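Architecture and fold: a report
The chain contents come next:
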Amino acid sequence: RVLTTASKHVQWNGERFIHWAGKVDSNTQVAVQAILSSYKVEQQGYKFCVGLQKLADKYTPERLKNACKRALEYTPHPSLKNIQATLSLPGYIF
């Protein structure tokens, strides 16, 4: 399983994750940059980035960008759980 997960990330690097996030919006890009720069080894942040991409498949770009914006208002290094919790708030409209 570890090899399978690792092989999925081979095609990705920090620059590609940042570029992808920039297509969503600047808040999403800032969140990705913050996570990648918070680790001594950039690859440790890839799990966050892949999780964020999965959220992008589930929610509209507008909701994702607003969730990232809200998370960044609370902390300079948001977690995936912060963003996911905001997205799943019942009745929360973006």
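Rules behind the numbers
Residues numbered from 1 in each chain as written. Predicted model: local features only at pLDDT ≥ 70, side-chain atom pairs only at ≥ 80, totals over all residues. Heavy atoms only, no water. Helix = DSSP H or I, 4+ residues; strand = E, 2+ residues; numbered from the N terminus. Buried < 20%, exposed > 50% of the residue type's maximum accessible area, 1.4 Å probe, protein only. Contact = heavy atoms within 4.5 Å. Areas by Shrake-Rupley, 256 points an atom, 1.4 Å probe, with all protein chains shown as cover. pLDDT = per-residue confidence, 0-100. Arc of directions from axis to C-beta. Expected span 1.5 Å × (residues − 1). Core = buried A, V, L, I, M, F, W, Y, C linked by side-chain atoms within 4.5 Å.

Let's talk about the overall build of the protein chain
- When its secondary structure is counted, the protein chain shows 6 helices and 0 strands.
- Relative to its full complement of 94 residues, the protein chain shows a buried share of 33%.
- Contacts in the protein chain between residues far apart in sequence, at least 24 positions, make up 56% of those at least 6 positions apart.
- Accessible area for the protein chain stands at about 6,200 Å²; split by element, carbon and sulfur atoms hold 53% of it.

Thoughts on the confidence of the model for the protein chain
- On average, residues of the protein chain score 87 in pLDDT, and 85% of them are at 70 or above.
- Least confident of the elements in the protein chain is helix H1 (residues 2-9), whose mean pLDDT is 48; most confident is helix H2 (residues 14-24), at 96.

Examining the side chain of Thr28
- Here Thr28 shows up in helix H3 (residues 26-38).
- On the basis of relative accessible area, Thr28 is assigned to the buried category, the value being 0%.
- Not counting residues within four places of it along the chain, the set of residues in contact with Thr28 comprises Trp20, Ala21, Leu52, Leu64, Lys65 and Cys68.

Observations regarding helix H6 (residues 80-87)
- Restricting attention to buried positions, one finds in H6 the residues Ile83, Thr86 and Leu87. For H6, the angular spread of buried residues about the axis comes to 100°, placing them on one side.
- Buried residues in H6 make contact with helix H4 (46-58) and helix H5 (61-74).

Examining H4
- Compared with an ideal rise of 1.5 Å per residue, which puts 13 residues at 18 Å, H4 spans 19 Å between its outermost C-alpha atoms and is within 8% of the ideal.
- Taken residue by residue, H4 has Tyr46, Phe48, Cys49, Val50, Gly51, Leu52, Gln53 and Leu55 as its buried positions.

Description of the nonpolar core
- Ranked by internal contacts, the top residues of the largest apolar core, which has 21 residues, are Val32, Leu52, Leu64 and Ile83.
- Sorting the residues of this core by element identifies H2, H3, H4, H5 and H6 as the ones contributing at least two each.
- Of the residues forming this core, the biggest block, 6 residues, is contributed by H4.
- Aside from chain neighbours lying at most four places away, what touches Val32 is Phe17, Ile18, Ala21, Phe48, Cys49 and Leu52.

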